[in-house]
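As a plain string of letters, each chain reads:
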Amino acid sequence: FLVAINNAKAIAENKTVKTADVENEAAALNKLAFVFNINNATAGTGVAPKVTSTHKYVATGATQALVRAAFSGSNLIEKGVCWSTHREPTVLDDRTTKNYSLNGSIFHIEGLKPSTVYYVRAYAINKTYTVAYGEERKVVTHPMGNCTWSWNEGAPTPEANTRCRNAVKETIDYFNEWTGIRGFKLTGNYGSGTPTADCSYGGWMNIGANASYQAIGTVLHETGHGVGVGTRKIAY
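Note that the structure is a prediction, hence the values are computed from the model and not measured. (Residues numbered from 1 in each chain as written. Predicted model: local features only at pLDDT ≥ 70, side-chain atom pairs only at ≥ 80, totals over all residues. Heavy atoms only, no water.)

Q: For this particular structure, what's the right way to read the environment of G104?
A: Note on placement: G104 falls in the loop between β6 (99-101) and β7 (105-109). In this structure G104 comes out as partly exposed when scored by relative accessible area, which is 37%. Separated by 34 residues in the primary sequence, G104 and A70 place their C-alpha atoms 7.0 Å from one another. (Helix = DSSP H or I, 4+ residues; strand = E, 2+ residues; numbered from the N terminus. Buried < 20%, exposed > 50% of the residue type's maximum accessible area, 1.4 Å probe, protein only.)

Q: Help me out: how do you make sense of the nonpolar core in this one?
A: The nonpolar side chains of a soluble globular protein tend to be buried, and buried together. Among the nonpolar cores identified, the biggest contains 17 residues, and W151, V168, L186, M205, I207 and V219 are the most heavily contacted of them. Elements supplying a minimum of two residues to this core: α3 (158-178), β12 (185-190), β13 (197-199) and β14 (204-207). It is α3 that contributes the most residues to this core, six residues altogether. Here I207 is in contact with W151, C164, V168, N189, Y190, G191, T194, T196, A197, Y213, Q214 and V219, once residues within four sequence places are set aside. (Core = buried A, V, L, I, M, F, W, Y, C linked by side-chain atoms within 4.5 Å. Contact = heavy atoms within 4.5 Å.)

Q: Would you explain the side chain of N176 in this entry?
A: Here N176 is to be found in helix α3. Of the polar contacts made by the side chain of N176, one reaches the backbone nitrogen of C147; its length is 2.7 Å. Among residues more than four places away in sequence, those in contact with N176 are A62, H142, M144, G145, N146, C147 and I181. (Polar contact = N/O pair within 3.5 Å; in protein donor to acceptor, adjacent residues only side chain to side chain.)

Q: Help me understand the sheet that holds strand β11 (residues 148-151) in this model?
A: Strand pairing in a sheet takes place through backbone hydrogen bonds and is either antiparallel or parallel in direction. If you walk across this open sheet you meet the four strands as β11-β12-β14-β13, and the pairing is mixed. Looking along the sheet, the strands with just one partner apiece sit at the ends: β11 and β13. Between one strand axis and the next, the sheet turns through 15 degrees on average, direction left out of account. For β11 and β12, the ladder comprises four bridges, and the chain directions are parallel. Looking at the pairing, W151 lines up with G188 of β12. Helix-sheet contacts for α3 involve β11, β12 and β14, and the interaxial angle to β11 is about 175 degrees. The sheet strands contacting helix α4 (residues 216-226) are β12, β13 and β14, and the helix crosses β13 at an angle near 25 degrees. (Pairing = 2+ DSSP bridges. Axes fitted to C-alpha atoms, helices over the stretch in contact; angles between N-to-C directions.)

Q: Explain the packing of aromatic side chains here, please?
A: In this description, an aromatic ring pair is defined by two values, namely the gap between the centres and the angle between the planes. According to the stated counting rule, one finds three aromatic pairs in the structure shown. One cation-aromatic arrangement involves R95 over F34; the distance from NZ or CZ to the ring centre is 3.9 Å. (Phe/Tyr/Trp six-rings, centres within 6.5 Å; stacked < 30°, edge-to-face > 60°. Lys NZ or Arg CZ within 6 Å of the ring centre and 35° of its normal.)

Q: Looking at this structure, I do not really get the pattern of salt bridges. What am I missing?
A: When their charged atoms lie close together, side chains carrying opposite charge are able to pair. All chains considered together, the criterion is met by five salt bridges. The salt bridge involving R95 is made with E78; its shortest N-O contact spans 2.8 Å. Note that R95 is positioned in strand β5 (residues 94-96) and E78 in strand β4 (residues 76-84), a separation of 17 residues in sequence. For the salt bridge of E153 with R165, the shortest nitrogen-to-oxygen distance reads 2.9 Å. (Salt bridge = Lys/Arg side-chain N within 4 Å of Asp/Glu carboxyl O.)

Q: Explain α4 here, please?
A: Side chains three or four residues apart in an α-helix point the same way, a direct result of the helix having 3.6 residues per turn. Turning to α4, its buried residues number three or more, namely T218, V219, E222, T223, G224 and G226. Each element contacted by the buried residues of α4 is listed here: α3, β12, β13 and β14. Phi for G228, located one or two positions after α4, is positive at around 110 degrees.

Read these as layout, nothing more, since geometry by itself doesn't imply function.
Here's what the structure looks like:
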């Protein structure tokens with residue numbers, strides 16, 4: 001800690017220092033201060049933090065994961081999930097507070113490696129830096145997909161081509177991250193007579209003139225048909 005403080009002082013007194021050096025040193029100091037506070041937590045007053053649940057189902061991609069968790073306690077200053085390739089990860093390993101609100105909190109982990117075993121725990125920290133952890137969940141990232149795409153640039157305006165091209169690209173990015181499907185190509189085409197969009201089994205897609213459907217939600221739905229979802233009736 002003292003070494004980092006002295007380094008920061010030297011940078012502060014250096015008139016030719018680069019912005020990146022200042023930002024890196026500030027990040028190092030913040031990290032060391034966090035480690036110091038965690039290692040010197042006090043009991044304090046109030047209700048201790050508690051992770052009331054870490055959902056057993058974790059949505060896992062190739063480099064990302066989504067974890068649902070719930071918390072209780074008073075004076076909470078941070079809630080999130082931590083992870084590592086070893087058992088019982090802590091907040092001194094990798095952690096994130098990035099989350100989405102959907103019937104509770106869903107935390108977004110990024111920067112994982114494909115085809116790797118990880119251990120994940122939700123955590124909560126109160127203002128005295130007391131940490132509570134939830135259940136440990138084992139997750140395995142899947143291999144990255146290798147789906148490809150093209151767009152024929154046939155829409156009548158540059159704006160429409162941009163919307164359709166982005167929707168097709170983002171859809172394939174999603175499939176490569178979250179499905180691991182390999183060997184599929186989505187071929188996007190402009191179809192002036194197509195009411196919304198359609199896609200045949202194999203990946204030939206038409207996107208129509210209605211701008212509200214030139215979006216990833218539409219393309220994701222239709223690409224499902226392209227890989228075989230909802231294209232065949234099963235008789236029981």
